[in-house]
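Chain by chain, the residues run as shown.
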Amino acid sequence: MRPIQMVDLKQQYEHIKGDVDAAIHAVLDSCAFINGKPVQDFAQQLSAYVGSKHVIPCANGTDALQIALMALGLQPGDEVITPSFTYIATTEVIALLRLKPVFVEVDTKTFCIAPDAIEKAITSKTKAIVPVHLYGQAANMEAIMQIARKHNLYVIEDNAQAIGCNYSFSNGTKKKTGAIGTIGCTSFFPSKNLGCYGDGGAIFTDDDQLANRIRMIANHGQSKRYYHDVVGCNSRLDTLQAAVLNVKLKKLDEYIAARQQAAAYYDRAFAGHPKITTPFRATYSDHVFHQYTLILNDVDRDGLNQYLADRQIPSMIYYPVPAHRQTMFEAFGSDASHLPGTDWLTERVISLPIHTELDEEQLTLITQNVLAYINQ
Ligand SMILES: *Cc1c(COP(=O)(O)O)cnc(C)c1O
């Protein structure tokens, strides 16, 4: 049996090696390393796939979020509502731009930002909401967009973990996550569902003016060569990475299906266990399973993690410290005791290996060992 990994990039590469190697060699032959044709091709393909009018590739998912916030022209001190239960990048860029992150609770079933918590946190300084489609399932976007319209707020979707996820509105309309809010952001970090072989990211919007601004900001605020209208940054997707992504985007739906199959195996193995809560499925969203995350009830989580590690089975805690308890946010006067649901999750979640290459033998070994520890 192949060693079990949280993400098996090597095995995935073996299956697409011919196409990837050819795409990379074509870039090497062209020497168009910056903004080569594969970058435009990828932006076009992704725009069609996600259903967003504009796709602006950039250097990574963190930059995507930062550039999105910059493009909205927010002013220092403006408040941005965001979950605390997320990867640090979501909240860090808010503080970096001297905006004020306002951490709110997540729904402990879906792990995503709770719409009623958003409403309660709105003040006269609130300008934007940053929902995160955590682990690969969408936040309740219909409710979030309603709140945003009512209070005239921007919505920036952090779609780094949910590319390809379909969202269903109550009137039957479907949209892909990242194409619902004012702006959507994603990451192509290697372990993401659509990962390249280095860093990469992209920004989505349907708004022409915003798209122009985003393009400008990602390129030193440049409107035409050597004319710089606004303060920007330098954030590009490498041509080499775009070439890899062009191969992998064609596979994305297949990859999602493979993840969903592994998740279904886990679900069956753990169904009804009193000490294990399997991932909740919201009616309004697919789940593309960037992570397969359990809530443990009355289980020694460190003990389980060690028991599995001793048997060469990795498991991870995403995330052990929520944003509102991070030292970096102390200066923002965050009250570290007001998010009991987030703290509760932080102490109980554990993520099992999930990727496109898991086979039944591996899944059997993982589930048998999880159950052996919990039932002992
Ligand atoms: C990965 C990730 C990011 C950041 O992406 P990078 O490409 O690593 O900068 C942001 N938000 C979430 C939720 C992520 O999972």
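Model, not experiment: these values are computed from the prediction.

**Points about the overall build of the protein**
Then step 1. Along its length, the protein carries 12 helices and 14 strands.
Then step 2. Its C-alpha radius of gyration of 21 Å places the protein within 12% of the 21 Å reference for a compact globule of 376 residues.
Then step 3. In the protein, which comprises 376 residues, the share counted as buried stands at 56%.
Then step 4. Pairs at least 24 residues apart make up 72% of the contacts formed inside the protein by residues separated by at least 6 positions.
Then step 5. Carbon and sulfur atoms make up 50% of the accessible area of the protein, which amounts to about 16200 Å² in all.
Then step 6. Seen as two clouds, the 33 positive and the 39 negative side-chain charges of the protein have centres 4 Å apart.

**Topic: the site of the ligand**
Then step 1. Lining the immediate environment of the ligand, one finds 16 residues, of which G61, T62, D158, S187 and K192 sit closest.
Then step 2. T62 is positioned with one of its side-chain polar atoms (N or O) 2.5 Å from an oxygen atom of the ligand.
Then step 3. The separation between a nitrogen atom of the ligand and a polar side-chain atom of D158 is 2.7 Å.
Then step 4. Protein contact buries 92% of the 380 Å² of open area that the ligand shows by itself.
Then step 5. Elements that contribute at least two residues to the shell around the ligand include exactly α3 (61–71) and α4 (88–96).
Then step 6. Ranked by residue count, the leading element in the shell around the ligand is α3, at 3 residues.
Then step 7. Class assignment for the residues of the shell around the ligand results in 6 nonpolar, 8 polar and 2 charged.

**Quick notes on the sheet that holds strand β1 (residues 54–58)**
Then step 1. With mixed pairing, 7 strands are arranged side by side in an open sheet as β1-β9-β8-β5-β4-β2-β3. Across the chains shown, the open sheet's two edge strands, defined by having one partner strand only, are β1 and β3 (100–104). Strand after strand, the sheet turns through a mean of 25 degrees between neighbouring axes, direction not considered.
Then step 2. As paired strands, β1 and strand β9 (residues 201–205) are joined by 5 bridges and run antiparallel to one another. Of the residues in β9, the one forming a bridge with V55 is F204.
Then step 3. Seen against the sheet, helix α2 (residues 37–50) touches β1 and β9 and runs at an angle of roughly 135 degrees to β1.

**Thoughts on the domain arrangement of the protein**
Then step 1. Domains assigned within the protein are domain 1 (9–249) and domain 2 (252–375).
Then step 2. For domain 1 and domain 2, the distance between their C-alpha centroids amounts to 24 Å.
Then step 3. Each side of the interface is counted separately: domain 1 has 45 residues, and domain 2 has 39 residues.
Then step 4. The contact between domain 1 and domain 2 buries some 3700 Å² in all, and 61% of this surface belongs to carbon and sulfur atoms.
Then step 5. Taken together, domain 1 and domain 2 are joined by 0 salt bridges.
Then step 6. Across the contact surface, domain 1 and domain 2 share 23 residue pairs in polar contact (both at pLDDT 80 or more).
Then step 7. Counting residues per element, the ones that place at least two in the side of domain 1 that touches domain 2 are α1 (9–30), α4, β3, β6 (166–168) and α8 (239–249).
Then step 8. In the side of domain 1 that touches domain 2, the residues fall into 22 nonpolar, 17 polar and 6 charged.

**Some words on the side chain of S315**
Then step 1. Locating S315 in the fold gives a position in the loop between α10 (301–310) and α11 (340–348).
Then step 2. Here the side chain of S315 touches N305 through a polar contact of 2.9 Å, side chain to side chain.
Then step 3. Each residue touching S315, except ones within four places of it in the same chain, is listed here: M6, N305, L308, I350, S351 and L352.

**Some thoughts on the pairing of strand β5 (residues 154–158)**
Then step 1. Burial analysis of β5 places 4 of its 5 residues in the buried class, the great majority of the element.
Then step 2. Pairing analysis gives 2 bridges linking strand β4 (residues 126–129) to β5, with the strands arranged parallel. By the bridge assignment, A128 is partnered in β5 with Y154.
Then step 3. Crossover handedness for the path β4 to helix α6 (residues 141–151) to β5: right-handed.

**A short note on the packing of α3 against helix α7 (residues 208–218)**
Then step 1. Relative orientation of the contacting elements α3 and α7 amounts to 120 degrees, with a least axis distance of 9 Å. Relative to α7, the element α3 is oriented oblique. Crossing of α3 over α7 shows right-handed handedness. Residue-level inspection shows I67, M70 and A71 of α3 in contact with α7, the latter providing L210, R213, I214, I217 and A218.
Then step 2. Of the residues in the contact of α3 with α7, the class split is 7 nonpolar, no polar and 1 charged.

**Focus on the packing of α2 against α8**
Then step 1. As a packed pair, α2 and α8 sit with axes 8 Å apart at the nearest point and diverge in direction by 35 degrees. The two elements α2 and α8 meet at a crossing, and its hand is left-handed. Here P38, V39, D41, F42, Q45, L46 and Y49 of α2 come into contact with α8, specifically with T239, A242, A243, L245, N246 and L249.
Then step 2. Among the residues making up the contact of α2 with α8, the classes are represented as 9 nonpolar, 3 polar and 1 charged.

Rules behind the numbers
- Residues numbered from 1 in each chain as written.
- Predicted model: local features only at pLDDT ≥ 70, side-chain atom pairs only at ≥ 80, totals over all residues.
- Heavy atoms only, no water.
- Helix = DSSP H or I, 4+ residues; strand = E, 2+ residues; numbered from the N terminus.
- Rg over C-alpha atoms; globule rule 2.2 N^0.38 Å.
- Buried < 20%, exposed > 50% of the residue type's maximum accessible area, 1.4 Å probe, protein only.
- Contact = heavy atoms within 4.5 Å.
- Areas by Shrake-Rupley, 256 points an atom, 1.4 Å probe, with all protein chains shown as cover.
- Lys, Arg positive; Asp, Glu negative; His and termini not counted.
- Charge placed at Lys NZ, Arg CZ, Asp CG, Glu CD.
- Near = heavy atom within 4 Å.
- Polar contact = N/O pair within 3.5 Å; in protein donor to acceptor, adjacent residues only side chain to side chain.
- Nonpolar A, V, L, I, M, F, W, Y, C, P; charged D, E, K, R; others polar.
- Pairing = 2+ DSSP bridges.
- Axes fitted to C-alpha atoms, helices over the stretch in contact; angles between N-to-C directions.
- Domains from an automatic or database assignment.
- Buried area = accessible area lost by both parts, 1.4 Å probe.
- Salt bridge = Lys/Arg side-chain N within 4 Å of Asp/Glu carboxyl O.
- Right-handed = clockwise from strand over helix to strand, strands pointing away.
- Parallel < 35°, antiparallel > 145°, perpendicular 65-115°, else oblique.
- Left-handed = near helix turned anticlockwise from the far one by under 90°.

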